[in-house]
Amino acid sequence: MIKSMTGFGRAEAVTKEWKITVELKSVNHRYLDLNIKMPRKLNLFEGQVRNLIKTYMQRGKVDIFITYEDYTAGSVALKFNRDLAAEYLGYLKEMEQEFQLKNDISVTMLSRYPEVLTMEEQPVNEEELWNCLEEPLKEACTRFVEAREREGKHLKNDLLAKLEGLDEKVSLVEKRSPEVVQAYREKLETKVHELLEDSQIDDNRIAAEVVLFSDKICNDEETVRLHSHIRGMKKILSEQEGIGRKLDFMAQEMNREANTILSKSSDIQISDIAIDLKTEIEKIREQIQNIE
């Protein structure tokens with residue numbers, strides 16, 4: 001099943017110690033671009049997070065949001081910096097003597113000095129924390145991929161419908177081309193009759209002119225290749241994954257053939273069809289940009 005590059009997935013895990021929530025959302029991108037935002041305490045797992053996510057996706061700009069709540073009472077501890085407090089107190093006594101000021105320092109006031117009392121995070125069991133993070137991360141990735149697959153199914157159906165319409169337009173070009181040559185022959189014969197009136201017409205000369213005109217406007221190669229590209233694109237759409245770049249290349253080739261048909265055309269109907277072909281191919285290319 002093809003996948004869209006637009007997706008969303010969310011999951012969370014709650015234990016007695018922690019609550020971890022993971023959200024993923026993505027938009028189109030030529031390559032895989034992971035932007036991870038998570039608490040500083042989980043930064044040590046960034047490499048593992050990236051490696052795990054890469055197993056679920058190949059392309060897209062993916063934003064990953066991870067939140068973490070710690071329910072353990074012993075997760076932080078108050079630390080008293082005795083040496084720093086003594087140093088503060090010593091300098092305050094020097095100021096009292098040197099400037100003859102009243103020393104009104106209190107324990108409460110001293111405790112508010114920078115770094116005298118600090119909160120320190122206690123070390124955690126990294127293996128247990130990773131196990132708690134890994135579970136919602138995998139679940140969010142799974143839901144993310146499922147969302148991409150659902151969107152991919154809609155994209156596939158839309159592309160197949162557009163390709164059918166494209167195939168019909170190519171067939172119209174094929175049907176119209178012999179009519180253009182016949183109309184040219186009739187126009188040429190009429191013009192020669194008007195110029196020569198009752199004189200004998202050289203049918204061989206007219207036939208030669210018609211052949212030259214036919215060669216000039218001939219688009220058989222382009223229409224055959226377009227039919228082939230359309231069949232090829234349908235076949236690619238039946239593949240499992242990693243098809244976005246293949247489809248984009250195929251659409252470029254189709255656009256090139258449509259341009260050639262337009263440049264060769266001397267008929268207003270074929271020119272209009274060729275313009276429609278280019279318009280539809282561009283719509284297909286826009287949709288292809290959404291495929292992983």
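Our structure is the block above this text.
A short tour of the structure in this document, coming up. A quick note: this is a predicted structure, and the numbers were derived from the prediction, not measured.

1. Structural notes on the overall build of the protein chain
Across its full length, the protein chain holds eight helices and six strands. Across the 292 residues of the protein chain, 35% fall into the buried class. Of the contacts made within the protein chain by residues no fewer than 6 positions apart, 81% connect residues no fewer than 24 positions apart. Here the protein chain displays about 17,900 Å² of accessible surface, and carbon together with sulfur accounts for 49% of that area.

2. Notes on the nonpolar core
The biggest cluster of nonpolar side chains holds 28 residues, and the ones touching the most others in it are Val 22, Leu 24, Val 49, Ile 64 and Ile 66. Where this core is concerned, the elements lending two or more residues are strand 1 (7-14), strand 2 (18-27), strand 3 (32-37), helix 1 (46-54), strand 4 (60-70) and helix 4 (126-196). For this core, the leading source of residues is helix 4, giving nine residues. Discounting residues that sit within four places of it in the chain, Val 49 has contacts with Ile 36, Ile 66, Trp 130, Leu 133 and Leu 137.

3. Section: a nonpolar patch on the surface
Together, Leu 78, Phe 80, Leu 117 and Met 119 line one region of the surface with nonpolar side chains, adding up to about 420 Å² of accessible area. Those elements that place two or more of their residues in the nonpolar patch are strand 5 (76-80) and strand 6 (117-121). Within the secondary structure, Leu 117 is located in strand 6. On the accessibility criterion, Leu 117 (37% relative accessible area) is partly exposed.

4. Things to note about helix 6 (residues 220-237)
Given 3.6 residues per turn, any residue in an α-helix points the same way as the ones three and four places further on. In this model, helix 6 (18 residues) spans 26 Å end to end at C-alpha, consistent with the 26 Å of a helix rising 1.5 Å per residue. Looking only at helix 6, the buried set comprises Glu 222, Thr 223, Leu 226, His 227, His 229, Ile 230, Gly 232, Met 233, Ile 236 and Leu 237.

5. Remarks on the layout of surface pockets
Taken as a whole, the largest pocket spans an internal volume of roughly 150 Å³. In this structure, the largest pocket is lined by Leu 92, Met 95, Glu 96, Leu 101, Lys 102, Asn 103, Asp 104, Ile 105, Met 109 and Tyr 113. Examining the composition of the lining of the largest pocket, we find that three residues originate from one element, helix 2 (residues 82-99), more than from any other. For the lining of the largest pocket, the residue count by class is six nonpolar, one polar and three charged.

6. Side note on the sheet that holds strand 1
Spatial ordering of the open sheet is given by 1-2-4-3, a layout of four strands whose pairing is mixed. Edge positions in the sheet fall to strand 1 and strand 3, since each of these pairs with one other strand and no more. On average, adjacent strands in this sheet sit at an angle of 10° to one another, irrespective of strand direction. Inspection of the sheet shows strand 3 paired to strand 4 by six bridges, in the parallel sense. Paired with Leu 34 across the bridge in strand 4 is Val 62. Set on the sheet, helix 1 makes contact with strand 3 and strand 4; between it and strand 3 the angle comes to about 140°.

Cut-offs applied
- Residues numbered from 1 in each chain as written.
- Predicted model: local features only at pLDDT ≥ 70, side-chain atom pairs only at ≥ 80, totals over all residues.
- Heavy atoms only, no water.
- Helix = DSSP H or I, 4+ residues; strand = E, 2+ residues; numbered from the N terminus.
- Buried < 20%, exposed > 50% of the residue type's maximum accessible area, 1.4 Å probe, protein only.
- Contact = heavy atoms within 4.5 Å.
- Areas by Shrake-Rupley, 256 points an atom, 1.4 Å probe, with all protein chains shown as cover.
- Core = buried A, V, L, I, M, F, W, Y, C linked by side-chain atoms within 4.5 Å.
- Patch = residues over 30% accessible without salt bridge, like charges linked within 9 Å, V, L, I, M, F, W, Y side chains within 5 Å.
- Salt bridge = Lys/Arg side-chain N within 4 Å of Asp/Glu carboxyl O.
- Expected span 1.5 Å × (residues − 1).
- 1 Å grid on protein atoms, 1.4 Å probe; cavity = no way out; pocket = protein on both sides within 12 Å on 5 of 7 lines; lining within 4 Å.
- Points joined across faces, edges and corners; volume = space filled by probe spheres on them.
- Nonpolar A, V, L, I, M, F, W, Y, C, P; charged D, E, K, R; others polar.
- Pairing = 2+ DSSP bridges.
- Axes fitted to C-alpha atoms, helices over the stretch in contact; angles between N-to-C directions.

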